Amino acid sequence: MGNSYAGQLKTTRFEEVLHNSIEASLRSNNLVPRPIFSQLYLEAEQQLSSLEGSRADNEEEEEEEEEEEGSESSSPPVSYQVKPPPEGCCTTDGFCQAGKDLRLVSISNEHIEVPSGFLLVGAKSPNLPDHLLVCAVDKRFLPDDNGRNALLGFSGNCVGCGKKGFCYFTEFSNHINLKLTTQPKKQKHLKYYLVRNAQGALTKGSVICWKGAEFRGRQSSASTCSSTLFQLPESSGLSGSTSSEPLPPANPSAPAGTQQTAAAVDHTPSTAAFSSAVYNGKESPKKQLMKNNLSALTRPSVLGTLTNSGPPKKRHKGWSPESPSSTETWNLQLNPQASNRIKNDGGSLSSLPHSALVGPTSSPVVGSGEPVSVPDNLMKICKAKPVIFKGHGNFPYLCGNINDVIVSPLLYTCYRNSQSLSRAYEQYGASTMQPISEEMQLLLTVYYLVQLAADQVPLIEDLEQIFMRSWRESHLSEIRQYQQAVPQAFPQVPSQVTPVTSAQLPWLAGLAASSCNDSVHIIECSYSLAEGLSEMFKLLIEGKLMKTNYVVIICASRNRAIDSCIVITGKYQARILSESMLSPSDYQKEVNYQLVTGKVETLGSFFSTLCPEGDIDLLLEKFYQENQGHISSSLSSSVTKPTAVNGAGAAVCTSYETERHQIRPFQLAVAQKLLSHICSIADSSTQNLDLGSFEKIDFLICVPPSEVTYQQTLFHLWHSGILLELGLEKEHLTKQRVEQYVMKLDAEAQIKFKIFLQNSMQNPHTLFVLIHDHAHWDLMSAMHSLYPQAELSTGLVDRLLNCREVKEAPNIVTLHVTSFPYALQTQHTHISPYNEIHWPSSYSNGVDLYRENKKYFGLSEFIESTLSGHSIPLLRYDSSFEAMVMALGKRFPRLHSAVIRTFVLIQHYSAAMMAVCGLSQMKNYTSVETLEITQNLINSSRQCPSGHGLMVVLRIPCIPLAAVAYERLYNVRERLALEDNFEIILGNPNSGITIGKHFVEQLKIWQKIEDVDWRPQTYLELEGLPCILIFSGMDPQGESLPRSLRYCDLRLINSSSLVRTSLEQELGLAAYFVSSEIHTEKAVVNDVLESDPEKLSSTDNEDEEIATEGSASEKRSPMKRERSRSHDSASSSLSSKASTFCTESSPPQALSNSTEEATNNYERQKQKVDKGAQTTISKHLPPVTEQLDMKQNIKSTQVSITSSSSPPFSSSSSSSAPTHNSFILQTSQCSMTKASKQPPIVFLPKLVYDIITSTDSSGLPKSSSLLPYHSVMWASSFRPLMSKMMTCTEQSLYYRQWTVPKPIHMDYNNRNEGRMDTFHPRRLLLSGPPQIGKTGAYLQFLSILSRMLIRLTEVDVYDEEEININIKEESDQYYHQPGDMWPDLESFKKMPFDYTIHDPKYEDASLICSKLQTMNSEDRSMSRRQEDMYTCRQTTRMRLSKYAAYNTYHHCEQCHQYMGFNPRYQIYESTLHAFAFSYSMLGEEIQLHFIIPKSKEHHFVFSQPGRQLESMRLPLVTDKSEDYIKSPTFTPTTGRHEHGLFNLYHAMDGASHLHVLVVKEYEMAIYKKYWPNHIMLVLPSIFNSAGVGAAHFLIKELSYHNLELERNRQEELGIKPQDIWPFIVISDDSCVMWNAVEVDCSGDRKSDYTWTERNVSLKQILQHIEATPNVTHYALIGMRKWSSKTNSAEIKDPFSCCHVHDFLMLNVDLTQNVQYNQNRFTCDDVDFNLRVHSAGLLICRFNHFNVMKKQIAVGGQRSFHIKSKVSDTPVSISPAQYICAPDSKHTFLAAPAQLLLEKYLQYHSHRFFPLSLKNYSHPVLSVDCYLNLGPQIAVCYVSSRPHSLNISSSGLTFSGLLLYLCDSFVVASFLKKFHFLKGATLCVICQDRNSLRQTVVRLELEDEWQFRLRDEFQTANAKEDRPLFFLTGRHI
């Protein structure tokens, strides 16, 4: 009765987790149980994807819930029997049975007496949904303010009639007339606390958190549960529930993404503090995530708050009052009021300069209420400055010792950002969804802090993603609904739900923190945060928070919003967070201050106490004095001595080779991509770049102000030869000249830049390329410099590159080049996403796209090396170093950690050097890693006969610290007499490289440099020099390192405030190319044998592990492998073992301890090595006999090793190896050679290592999801996660959407100010991994851009001599004089027709015999293969004249209007017109379509009422006009929408002309897009697969039909039909220029003449031809094809009667009855010419005119590909397969039958005509057609038409007969006139087998020809493709 525990979950995952967690925390003091949050929340996302599939289960669960709600058992609900009310009592809703009004609205202002211990609450009546009924209830039976357990049962009074003592809620509900149909329960009906407001009126207060109600509340739209649960509508008291179906995530990629972070929070080392930059180092197995694969329902969401509203059901046995209930559930409500208090302005405090975050007073969030005093001795006692993160609400003033605390607004900003819903979610109707409540935020923050390990630091990105995911989960159903449903006019507003009350918050937070072993401490305060902060300071001073890392202070009251803050008290976390708030300049200042004021001296004195033998300096001095004479001589001899080993001095290391400057395939590919982007800018219709107007290239490269980078760029530029290639400099190049093209961005940059701008203005026809290299460096706004006091160079990039002159200059293109483009990819970027070029991936679908001989090792490869199955990883951290740093950090809290880290590392290096030199006791004062580095460095030069060694890069960003390190290491090296062994170089960005004279001399010898004054100026020139390079400067500035780099020590990089760019650029230093013949990835697995257990526990052998040369030789040798003690050993062969033992200069026991230490450090990685892997054979294997020798040598050398420090080869006694073996030992052991064949090893700080190596579930490194750059910020906390699958382009789009520049960023002001977009049209961005070769790529780009500009003014034109000249009949008779301008009609009629083809493109075509003549029997064998036809034809490069025809890439001022860019005519203004005419031969009406632009409509006649197209206007024969071309020009084209030469504006010299493009239907749209102002004639779709014959056929038929229409139209105007101009021009789409030959006949004799050729306009030529006397009597007029080898004989006769091609004028009137063959693909012009001539019509070629044809590599005939119809796989099919026997199983081909026929006959006609092969005196007789039978067969053309002109065949005997689709004119009697050789062959070709048989019968062929069944063939087409059929026979 009233106390049943409704809505309780059954055995759920949550109960189990919670129970286990509490039990574990109760039983154990030291165990930290895995928090509930980690187990449930972090796995939440995994379930999202399974939501859809679990609907059915959810529905079942719902039913169970309903049942349980109805009764305690799971039996069906029993309907509740209401006792009838006493007679005469009131039963009105809202009144009690005594008739008193209980409604809140009625009695809110009345005085109500409430007994002590009772509270007023509001009850809901199902019949009065809008009212609350006021009741007084004993508060012991309600959950109290802190959410503690309510007593079971009920005690209440009626406030209306005053009746008291109701002990059962059932009785009470009857009294107040609730009228329930189900069993009354207090949890369902007592809903709200009632409170008095300021006016004293009673109002609805906070919700009473009953368990059942909370459970149902989760279903609502504002909840955060992803499962389908109940929702209790306020309007109903019934147990029925409204359920909504579970819906899958809104965005399929989001769950995957969100899951990734969820996982990462728990198990990945993530870091980047609330400062958004620090990292966590906790590692826990990922398997945990996989185990808990729970259903979506049974695992309640973890995003809700944990609440406990009382004891469990009575039946529950395991509950005791002390322990929290194990059946709590999650309350998931959001606070609707919270959003009202928070203004949703988009601003973010993270945009404040860093300095604003330091110190409490500068925080914008400080200041309200009573002040809190910070204790004076806080820092001294705590050993750290606590960091206070302001949370919600008001924050008190701090006073007193405020320098010992740091206050930050970052968390406040994060909370605020998470409250403002992103625009991206407005599409889901997010306006109706409430943001996550403040209580929820704080609770989730506590959960997050609880699961952080002791060495982890909170990361703001993690928290944002948690909030984001929490919100998304809570709104899954709405998001899904908005995505699926049609948007409603009034979206349903979600009903209000019960939020987590502020009263419950402290209790819930405390419960969450109870399992974390005190690492999170919750302080609850009643009035303000001030009391909580005071208590926290008190606990700190008392030392009670020693184990606590985080203190959460909550001030929660029922009447107002919460106040909160979080204090970081953990020493490690507080130090990192406080340091992360320093800006780079503040960081430098702080370190400098500590160095200058001597605060670091305490460190030095502390170090000296560590060494039991006394101060290290004293030890060094002592060592120096003792060994001064001996060591220096022996060590220095170690460099020179080995050269004498061979006596003759032959032992010189041959591995040193300087790399030649050559372009790699990748660089060329990138250069071409850059070029194509430039072209696309030029091709766009925006006219932002007119490439056609530029004649040459100039450029300027801007680099950061690093002297080394500057010199490096000069070096690349000098050796690339680009300056000479571009013609910018002459042969004798000086360094001063090269320096003009590279600009260092320093104070002097402005002068050089001004000269550049002046040049660009003075040379408008030069294209200037401004290259901004290392473009992510210095993106400060010139307006908002972060450091006003900084040097001038800050903001210089903005001042120069973004100046107005650069932006507006039409001849300046800016190219930004960087490895880290993220800062240039914000919402305000200047660079269009279409103008980004990303370095291509080397592999695509497993295919190696670019054959490189080197493999690139970048960040992803380094990370990959840390995964299992790989080598000892290339990325490592040094645990002993980290431990010492942490210990010292606690001892010296006021010193910056950079100072401590640097001093510890210098100490380690010093001790390691001493240990290697024999002071073995010092090995205990260094780490194994540092010892390994030092030992390899010192020994490297001794192992090479030439003294080559390794480079070690020691990265110290802070310049003053770098100077201290240099001084110290220099001093130690000197004391140890190692100054000739290796160099120490201080690399300062502002100065050049300084190295000792001894090493300069060595480098000069190695590099064969003669120059006396030479000094290395780049790090690349230090190749092979053994050295430590101390690399300083806050950021690397693009310096490249040599191949001898072996170790990259990054242990000192600033790990507290890392962003993605700074982190990746530090690791970019180690990026490296490795020779790709060596299989690096597989290398290490091979090396460990099970019989070699010691190897697993040693770090010494990392070279074996990464050995890229393979080490099989060791395993093959018969000797048991000895363990090597040198750290750089065993990498190549057994020989290295011997050498290493010889080179060991410390006693054999020297490293025993070190290797044990190393065991722990690398145990995890080592055990991953696959022991049983396949071994690889070394490429450097010595012969077996030598191996055997060496085995013995090694044994003997071991004997000779002594514990003295004598160098390895100082005397012959130290090794008994024979000399020839010594040579092998040394050359194979050159350290530099090995270093260049494997990537360097990188040492990182632990924090950085953790964040780099941790990945989310998609495999994305944690570092990638950090803030990309310090001067940008996230646009919203509500952003999706990045994914590993993102391409560079997708990453760019992600950053463009989700990042905005801060005010200090130069792009900050680039907003949309009324313009269409903010992108600059001439800006490009090239991004690629560091050190991959971007400089070479952009220099190559300049080269090919320059070549392209030259090429833009040049074209390749065919340059071939006419063929078959020797067959031409030589005649003494000349019909015209050389100087004649026009042919004389009468003379021309007498000229014989020259049947022979002279056009060189038909070199592979059959000869045409003209009469009985002695044919040359030379072998005209095929000179070219089919595909060579286009690639091997001879061409010449020609400069375009002003009369050239152009393709779509040409833009100039004059032809804008011609091309359709006239503003009067919009591009889309063209109309489609149908034009139909009937043609009897096709037997059907032909319907063509014209697309006519508005600007060209005047060329056509339209009918008046309907504007139907009637005809195309034609001029009169008598018309004469200088500015008008009479003949319409038709250009058939396919596949050449970009490259076809359709722009005739310049060729026509501006004259008016009608030009029609004839295109196929499927290409119409693309041609229209590229040529919007051209008239298109669109062929019917049946011609989509037809050849050029169909286009010619339709052009001619249409033109004749149009001529008839025009004659009819103009006849009405009184014009005679014969006066209408009958000519059209048919031009190829590759005719580029036209020339005229001018003949001078002024010589003494008539036959003497001279001639010159010049380029003329097409207008001049056409007008000349159109003016020919009696022009209408000619059927075809053409011109020669240009050739550079034209001789006088060819133009002696100005006119010829012969074949014409490519560009011809066709008289459609005369040729009315001669048609082109619409089926033809090749030689259709020859076929047509022969038919025109046989019809007795005149064909005239003007020999004084010629046309140049451009070589176009795309489109045209090449667009026809013959492929199999069956499979899509491209298989080459030989022409022999183009025909087959009928009904055979032959593979059918997808190609037109006619094309197969023509191609087959071209290559295999000898199978049909065997007698004709090379038998030129007996040609094949071809009736009515010319088909190309190949060059070795001659044909004789005859026409069957009556009255046709044919050659006299009386004396000819033919070797074959070809009958192709013969018509009715061919009759038996016609064929019987011809004579054939015995055995001559016949080939009849017909459309089908039936007509084949009919033809044989009709022509009586069986009389003279013998046929066999097997001689029937068909083209290899399927039936539906209508194959052609052949029949062959032999002459009897």
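Let us look at the structure shown here. Since this is a predicted model, take the numbers as computed values, not measurements.

### Remarks on helix α46 (residues 1246–1253)
- Within α46, 8 of the 8 residues are buried, which leaves the element mostly enclosed by the surrounding structure.
- For α46, the set of buried residues is Lys1246, Leu1247, Val1248, Tyr1249, Asp1250, Ile1251, Ile1252 and Thr1253.

### Describing unusual backbone geometry
- Even without being glycine, Asn177 reaches a positive phi, approximately 60°.
- Relative to the helices and strands, Asn177 resides in the loop between α6 (169–175) and α7 (186–189).
- For Asn177, a relative accessible area of 5% gives the class buried.

### Comments concerning the packing of helix α32 (residues 897–916) against helix α33 (residues 928–940)
- Close contact between α32 and α33 brings their axes to 9 Å; oriented N to C, the two are set at 50°. Considering their axes alone, α32 and α33 lie oblique with respect to each other. Seen along the crossing, α32 lies across α33 with a hand that is right-handed. Between α32 and α33, the residues in contact are Leu905, His908, Tyr909, Ala912, Met913, Ala915 and Val916 and Thr930, Leu931, Ile933, Thr934, Gln935 and Ile938, respectively.
- When its residues are assigned to classes, the contact of α32 with α33 shows 9 nonpolar, 4 polar and no charged.

### Some details on the pattern of salt bridges
- Enumeration according to the criterion identifies 57 salt bridges in this entry.
- Its salt-bridge partner being Asp1356, residue Arg1437 comes within 3.1 Å of it at the nearest N-O pair. Placement of the pair is Arg1437 in strand β35 (residues 1435–1439) and Asp1356 in strand β33 (residues 1354–1358), with a sequence separation of 81 residues.
- Taking the relative accessible area as the measure of exposure, Arg1437 reaches 38% and is therefore partly exposed.
- Owing to a relative accessible area of 16%, Asp1356 belongs among the buried residues under this scheme.
- Here Arg1889 makes a salt bridge to Glu1912, at a shortest N to O gap of 3.0 Å.

### Things to note about the sheet that holds strand β32 (residues 1323–1327)
- The 6 strands are arranged β16-β15-β17-β18-β32-β19 in an open sheet whose pairing can be described as parallel. Unpaired on one side and paired on the other, β16 (742–744) and β19 (836–838) mark the two borders of the sheet. In this sheet, adjacent strand axes meet at a mean angle of 20° when their direction is disregarded.
- Where strand β18 (residues 812–818) lies against β32, 5 bridges are found, and the strand directions are parallel. Looking across to β32, one finds that His816 is bridged to Leu1325.

### A short note on the sheet that holds strand β27 (residues 1045–1049)
- Strand order across the open sheet formed by 6 strands is β23-β29-β27-β24-β26-β25, with parallel pairing between neighbours. Unpaired on one side and paired on the other, β23 (875–877) and β25 (983–987) mark the two borders of the sheet. The sheet shows a mean angle of 20° between the axes of neighbouring strands, direction not considered.
- Sheet topology note: the strand β24 (residues 951–955)/strand β26 (residues 1027–1031) ladder contains 5 bridges and is parallel. Pairing of Val953 across the sheet is with Leu1029, part of β26.

### A few points about the environment of Met1633
- By secondary structure assignment, the location of Met1633 is in strand β44 (residues 1631–1640).
- The exposure class assigned to Met1633 is buried, which follows from its relative accessible area of 2%.
- A C-alpha to C-alpha distance of 7.9 Å links Met1633 and Leu1440, two positions 193 residues apart in sequence.
- Among all residues touching Met1633, those that are not within four sequence positions of it are Val1355, Met1438, Arg1439, Leu1440, Ser1441, Ala1444, Asn1655, Asn1746, Val1747 and Met1748.

### Section: helix α54 (residues 1658–1666)
- Within α54, 8 of the 9 residues are buried, which leaves the element mostly enclosed by the surrounding structure.
- Taken together, the buried positions of α54 are occupied by Leu1658, Lys1659, Ile1661, Leu1662, Gln1663, His1664, Ile1665 and Glu1666.
- Buried residues along α54 sit in contact with β43 (1623–1627), β44, β45 (1650–1656), β46 (1676–1681), β48 (1703–1707) and β49 (1739–1749).

### Considerations on the environment of Asn1743
- As for its position among the elements, Asn1743 is in strand β49.
- Asn1743 sits in the buried class, given a relative accessible area of 1%.
- As for Asn1743 and Asp1693, which are separated by 50 residues in sequence, their C-alpha atoms are 7.3 Å apart.
- What Asn1743 contacts, discounting residues up to four positions off in sequence, is Arg1680, Glu1690, Ile1691, Asp1693, Pro1694, Phe1695 and Ser1696.
- At 2.8 Å, the side chain of Asn1743 forms a polar contact with the backbone oxygen of Asp1693.
- Among the polar contacts listed, one links the side chain of Asn1743 to the side chain of Arg1741, at a separation of 2.8 Å.

### A short note on the packing of aromatic side chains
- By the definition in use, this model includes 40 aromatic pairs.
- Each ring, one from Phe166 and one from Phe172, has its centre 5.2 Å from the other, and the planes form 65°; the classification is edge-to-face. Phe172 matches Phe166 in its accessibility class, with the two residues each being buried.
- With centroids separated by 5.7 Å and ring planes inclined at 65°, the aromatic side chains of Trp1634 and Phe1703 adopt a geometry described as edge-to-face. Taken together, the positions of Trp1634 in strand β44 and Phe1703 in strand β48 put the pair 69 residues apart, joining distant regions of the chain. As far as burial versus exposure is concerned, Trp1634 and Phe1703 are alike and both buried.
- Among the aromatic residues, those joined into a cluster by ring pairs are Phe1854, Phe1870, Phe1874, Phe1876 and Trp1905.

What counts, and where the lines are drawn
Residues numbered from 1 in each chain as written. Predicted model: local features only at pLDDT ≥ 70, side-chain atom pairs only at ≥ 80, totals over all residues. Heavy atoms only, no water. Buried < 20%, exposed > 50% of the residue type's maximum accessible area, 1.4 Å probe, protein only. Helix = DSSP H or I, 4+ residues; strand = E, 2+ residues; numbered from the N terminus. Axes fitted to C-alpha atoms, helices over the stretch in contact; angles between N-to-C directions. Parallel < 35°, antiparallel > 145°, perpendicular 65-115°, else oblique. Left-handed = near helix turned anticlockwise from the far one by under 90°. Contact = heavy atoms within 4.5 Å. Nonpolar A, V, L, I, M, F, W, Y, C, P; charged D, E, K, R; others polar. Salt bridge = Lys/Arg side-chain N within 4 Å of Asp/Glu carboxyl O. Pairing = 2+ DSSP bridges. Polar contact = N/O pair within 3.5 Å; in protein donor to acceptor, adjacent residues only side chain to side chain. Phe/Tyr/Trp six-rings, centres within 6.5 Å; stacked < 30°, edge-to-face > 60°.

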